[in-house]
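# Chains, contacts and geometry: an overview
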Amino acid sequence: MSYYEYGKTERYLLSLLPRSVMPELEDVREDADRLGVPVISETGAQLLRVATMLAAPSRILEIGTGTGYSGLVMLQSSRAKLYTIDFDAEAVERARVNFRAHGCARRVEIFEGDASEVIPMIEGKFGMIFLDGPKGRYYEFLPYLINLLTRGGVLLCDNVLYSGRMSGVKDVPPKKRTIYERLELFMKAVNSDPRLVTSVLPVGDGMSLSVKVSE
């Protein structure tokens, strides 16, 4: 199931990929569809794989566990331990099942709760952080996430183009104006912070890819 409309660029990028970039995880995608939990696009999953392989992290932080699909993509692309956060109890329970089914449960620690409460309590550094939570909170999370990244670490953020609303391809309805404004703050911050080098890619619903270059 797609949770956004594919434009011509995305359809072209999809045409270059196999039907599924990780066919061994199709059961997890099906879980997500059944529960109505959004899943990263196929093009996004491919970028996530590449970024994880390049970063070669020992510890990964993920905001937005879902049913475990993106976490499994990262786990199967590295030897890292995954720390993942989600507030949806039903999705988290399915994620636990999926992590066990794919032999990764021992490499995962799940924090069930509001990311705004969990993130400030997390200790240690991470070689990679994947942000795929509520878009209206990205700006709030960013200072914590930068501090949690190792120097040379990768921050990958999903859905940053907000279905074309950030670029003006689609109008922003009044009920989505607050999310749009908060995401605009995030986009300006992640692209201007001197500790990061960032590129925004029109993959899926838009992904920003940052490398931390200084403390």
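Residues numbered from 1 in each chain as written. Predicted model: local features only at pLDDT ≥ 70, side-chain atom pairs only at ≥ 80, totals over all residues. Heavy atoms only, no water.

### Focus: helix 5 (residues 89–101)
In this model helix 5 runs 18 Å from its N-terminal to its C-terminal C-alpha over 13 residues, within 8% of the 18 Å that 1.5 Å per residue would give. Of all the positions in helix 5, only Ala91, Val92, Ala95, Asn98 and Phe99 are classed as buried. Buried residues of helix 5, seen end-on, are gathered within an arc of 120° and therefore sit on one face of the element. Residues of helix 5 that are exposed and point over 90 degrees away from its buried face: Glu90 and Ala101. Tucked inside the fold, the buried residues of helix 5 contact helix 2 (26–35), helix 4 (69–75), strand 2 (81–86) and strand 3 (108–112). The opening residue of helix 5 is Asp88, an N-cap whose side-chain oxygen sits 3.1 Å from the backbone nitrogen of Glu90. (Helix = DSSP H or I, 4+ residues; strand = E, 2+ residues; numbered from the N terminus. Expected span 1.5 Å × (residues − 1). Buried < 20%, exposed > 50% of the residue type's maximum accessible area, 1.4 Å probe, protein only. Arc of directions from axis to C-beta. Contact = heavy atoms within 4.5 Å. Polar contact = N/O pair within 3.5 Å; in protein donor to acceptor, adjacent residues only side chain to side chain.)

### Thoughts on the sheet that holds strand 5 (residues 149–158)
Within a sheet, each strand pairs with its neighbour through backbone hydrogen bonds, oriented either parallel or antiparallel. Strand order in the open sheet made by the seven strands is 3-2-1-4-5-7-6, with mixed pairing throughout. What marks the edges here is a single partner per strand, and that holds for strand 3 and strand 6 (196–201). Ignoring strand direction, the axes of neighbouring strands in this sheet form an average angle of 15°. The sheet contact formed by strand 5 and strand 7 (residues 207–212) spans five bridges and is antiparallel. Bridged to Leu155 within strand 7 is Ser210. (Pairing = 2+ DSSP bridges. Axes fitted to C-alpha atoms, helices over the stretch in contact; angles between N-to-C directions.)

### Here we look at the environment of Gly103
When you line up the elements, Gly103 lands in the loop between helix 5 and strand 3. Placed 76 residues apart in sequence, Gly103 and Asp27 show a C-alpha to C-alpha distance of 14 Å.

### A look at the side chain of Ser210
By the secondary structure assignment, Ser210 is in strand 7. One polar contact links Ser210 to Thr198, side chain to side chain, over a distance of 2.7 Å. In this view, Ser210 contacts Gly153, Val154, Leu155, Val190, Leu196, Val197 and Thr198; residues no more than four positions away in its chain are not counted.

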